[in-house]
Amino acid sequence: RQRAAFRVGAPDYERRRAALRALLNALVDRREEFVAAVNEDFGGRARQETLALELVPLTDGIRYALRHLASWMKPRREVAALNFLPASTQVVAQPLGVVGVIGAWNYPVLLSLSPVVDALAAGNHVLLKPSELAPRTAELLKDFLGSLFNAEHVAVVSGGAEVAAAFAALPFDHLLFTGSTRVGKLVMRAASEHLTPVTLELGGKSPAIIHREFPLRTAAERILTGKLYNAGQTCLAPDYVLVHESQRDEFLRLAAEVTQQLYPTLAGNPDYTHIINREHYERLAEYLREAADLGARVMPLSVHAEGCNAESRVFVPAAVLDAPDNAQVMSEEIFGPVLPIMTYRELDDALAYVNARPRPLALYYFDWNTSRVERVLSATTSGGVTVNDVIYHIAQNNLPFGGVGASGIGAYHGRTGFETFSHRKAVLVQKRFSALQFIRPPYGAMASRVIKFLLRK
């Protein structure tokens, strides 16, 4: 039905603006419903966290698209190659058709609707599959989008893993998936049957490197704040820290101090998010048990462990020291409030450690020295970078957001998102006179002279 509706006529500029404006107004009006739904799914998440980390960047992205949509849609004129003059050329952004979006549970509003915003801005029809691990939010998204759009324009499909697998196998014109690398491989395999282009927003182990000259307290405050947002259930959360060997114990002390300041209590604290379900709680607990069995030191970052258990799904933040590379906490994306602390002797050692592993979704480097910052930027490859803080590059609408290698394929947000969900069609307009008329059979002296000129050094 969506494909048939698209063939009748893709949304023009006014219809796209109307869709984005309706989405913006409804999100602002119904924001407390989303706060309640997310809180129910997690069993506890701060209202401010859902508003600041999901609704604010989402509405900001819509406003950005509304401001720039006209310029994005305008054909971009280019200068034709010399040997084709006086022809003219241009690139026309054309909607692809029907876009599929598979959302994620950790930020179930933002990571479901942000790709929808970009797809609508590009003039597409959209089918959304929210995560079944956040069922209350998925139910609300279905009602929310159903109240704004007819199903031929935007529709929501709900269900579990079997539905997600069938969804990924549909012949979309583009498919965006946010989630784990393991599932990303399955999505890509399913999409390949129809040669459906994919954008995969995955994760990986994003490092935070602290130069020994950077103020250690500032680094600890910024890293722990970003790490403990959503109880670490963030794809961009710093996954491990590389600190100079002379500063490890001091950083550990500061990490515990900062954690205590951020969360004076854990169980019953409305500011501290619960783990999404018991399975993920047990996974994190197993990471720590295994690391300890392999000789690592597990150091709680809070003394308030009362009421923190699998039943409540409140997980005590912890640091892990001396973890071997074969421990899951060092080989798997953690996705929780667990922070391995590694040491280095020279900056080159830290860079070599990062570069010897799969390319991360993000890299964080703390250093006021601009020449060293440039060196780190040029010596490493990651999906994105925040310097002297963590995570916040994702909130810049003028920057692409995406991974590289094992952390993802493609990017979206802002103009990049518009182009991801558009076909950039090349157009050449030939004029009444064309120099090409000299290169056609029967080939004579003029054709030879023209070809000789075109092959000049």
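In the block above lies the structure referred to throughout.
Residues numbered from 1 in each chain as written. Predicted model: local features only at pLDDT ≥ 70, side-chain atom pairs only at ≥ 80, totals over all residues. Heavy atoms only, no water.

Comments concerning the layout of surface pockets
Working step 1: Size it by volume and the second largest pocket reaches roughly 440 Å³.
Working step 2: Lining of the second largest pocket is provided by 26 residues; of these, Leu-53, Pro-57, Leu-110, Ile-394 and Ala-395 occupy positions nearest its centre.
Working step 3: Sorting elements by how many residues they give to the lining of the second largest pocket places helix α4 (residues 47–73) first, with nine residues. (1 Å grid on protein atoms, 1.4 Å probe; cavity = no way out; pocket = protein on both sides within 12 Å on 5 of 7 lines; lining within 4 Å. Points joined across faces, edges and corners; volume = space filled by probe spheres on them. Helix = DSSP H or I, 4+ residues; strand = E, 2+ residues; numbered from the N terminus.)

Notes on the pattern of salt bridges
Working step 1: With the rule as written, the count across this model stands at 27 salt bridges.
Working step 2: Glu-257 is the salt-bridge partner of Arg-217, the closest N and O atoms lying 2.1 Å from each other. Here the residue Arg-217 occupies a position in helix α9 (residues 216–228), and Glu-257 occupies one in helix α10 (residues 248–262), the gap between them amounting to 40 residues.
Working step 3: We classify Glu-257 as partly exposed; its relative accessible area is 26%.
Working step 4: When salt bridges with common partners are traced through the structure, they connect Arg-217, Glu-221, Glu-250, Arg-253 and Glu-257 into a single cluster. (Salt bridge = Lys/Arg side-chain N within 4 Å of Asp/Glu carboxyl O. Buried < 20%, exposed > 50% of the residue type's maximum accessible area, 1.4 Å probe, protein only.)

Topic: the sheet that holds strand β6 (residues 174–178)
Working step 1: Pairing is mixed across the open sheet formed by six strands, whose spatial order is β5-β4-β3-β6-β7-β16. One side of each edge strand has no neighbouring strand; the edge strands of this open sheet are β5 (154–156) and β16 (408–409).
Working step 2: Looking at chain direction, strand β7 (residues 198–201) and β16 are connected through two bridges and run antiparallel. Within β16, the residue paired with Leu-200 across the bridge is Ile-409.
Working step 3: Here helix α7 (residues 161–168) sits on the sheet in contact with β3 (98–102), β4 (125–129) and β6, set at roughly 150 degrees to β4. (Pairing = 2+ DSSP bridges. Contact = heavy atoms within 4.5 Å. Axes fitted to C-alpha atoms, helices over the stretch in contact; angles between N-to-C directions.)

As for empty space enclosed by the protein
Working step 1: Per the counting criterion, the structure on display carries one cavity of 30 Å³ or more.
Working step 2: Approximately 90 Å³ is the volume attributed to the largest cavity.
Working step 3: Lining of the largest cavity is provided by Trp-72, Lys-74, Arg-76, Val-91, Val-92, Ala-93, Arg-415, Phe-418, Glu-419, Ser-422 and Arg-424.
Working step 4: Only β2 (88–95), α15 (414–420) and β18 (422–429) provide two or more residues apiece to the lining of the largest cavity.

Brief notes about the environment of His-68
Working step 1: Mapping His-68 onto the fold places it in helix α4.
Working step 2: For the pair His-68 and Ala-18, spaced 50 residues apart in sequence, the C-alpha separation works out to 14 Å.

Points about the nonpolar core
Working step 1: Membership of the largest hydrophobic core comes to 121 residues, with the highest contact counts inside it found for Ile-223, Phe-251 and Val-329.
Working step 2: For Val-329, the contacting residues outside a window of four places in its chain are Lys-205, Asp-239, Tyr-287, Glu-290, Ala-291, Val-320, Ala-323, Ile-334, Val-338 and Pro-340.
Working step 3: Val-98, Leu-175, Ala-190 and Ala-191 belong to the second largest nonpolar core, which has 15 residues in total. (Core = buried A, V, L, I, M, F, W, Y, C linked by side-chain atoms within 4.5 Å.)

Some thoughts on helix α2 (residues 13–29)
An α-helical turn contains 3.6 residues, so a residue and the one three or four places further along point in the same direction.
Working step 1: Here α2 spans 24 Å end to end across 17 residues, near enough to the 24 Å set by a 1.5 Å rise per residue.
Working step 2: For α2, every residue scored as buried is listed here: Arg-16, Ala-19, Leu-20, Leu-23, Leu-24, Ala-26 and Leu-27.
Working step 3: Here the buried face of α2 lies against α3 (31–42), α4, β2, α5 (110–121), α6 (135–148) and α15. (Expected span 1.5 Å × (residues − 1).)

Description of the packing of α9 against α10
Working step 1: Contact pair α9 / α10: the axes reach a minimum separation of 9 Å and the direction vectors enclose 55 degrees. Considered as vectors, α9 and α10 are oriented oblique to each other. For the crossing formed where α9 meets α10, the hand is right-handed. The residues of α10 that touch α9, namely those facing Leu-216, Arg-217, Ala-220, Glu-221, Ile-223, Leu-224, Thr-225 and Leu-228, are Glu-250, Phe-251, Leu-254, Ala-255, Glu-257, Val-258, Thr-259, Gln-261 and Leu-262.
Working step 2: Per-class residue counts for the contact of α9 with α10 are 10 nonpolar, three polar and four charged. (Parallel < 35°, antiparallel > 145°, perpendicular 65-115°, else oblique. Left-handed = near helix turned anticlockwise from the far one by under 90°. Nonpolar A, V, L, I, M, F, W, Y, C, P; charged D, E, K, R; others polar.)

Describing a nonpolar patch on the surface
Working step 1: A surface patch of nonpolar side chains, about 370 Å² in accessible area, is lined by Leu-82, Leu-85, Phe-453 and Leu-454.
Working step 2: Mapped onto the secondary structure, Leu-82 falls in the loop between β1 (76–78) and β2.
Working step 3: We classify Leu-82 as exposed; its relative accessible area is 57%. (Patch = residues over 30% accessible without salt bridge, like charges linked within 9 Å, V, L, I, M, F, W, Y side chains within 5 Å. Areas by Shrake-Rupley, 256 points an atom, 1.4 Å probe, with all protein chains shown as cover.)

What about the packing of aromatic side chains?
Working step 1: Counted according to the given criterion, the structure contains 12 aromatic pairs.
Working step 2: Note on Phe-42 and Trp-105: the rings are 6.3 Å apart at their centroids and 50 degrees apart in plane angle, and the pair reads as tilted. You can see Phe-42 sitting in helix α3 and its partner Trp-105 sitting in the loop between β3 and α5, a full 63 residues away along the chain.
Working step 3: Judged by relative accessible area, which is 0%, Phe-42 ranks as buried.
Working step 4: We classify Trp-105 as buried; its relative accessible area is 11%.
Working step 5: Consider the rings of Phe-167 and Phe-172, whose centres lie 5.0 Å apart with planes at 45 degrees: the pair is tilted.
Working step 6: An aromatic cluster of at least three residues, connected via ring pairs, comprises Phe-42, Trp-105 and Phe-335.
Working step 7: Above the face of the Tyr-353 ring, Arg-357 is positioned so that its terminal group lies 3.5 Å from the ring centre.
Working step 8: Its guanidinium or amino end placed over the ring of Phe-453, Arg-456 lies 4.2 Å from that ring's centre, counting from NZ or CZ. (Phe/Tyr/Trp six-rings, centres within 6.5 Å; stacked < 30°, edge-to-face > 60°. Lys NZ or Arg CZ within 6 Å of the ring centre and 35° of its normal.)

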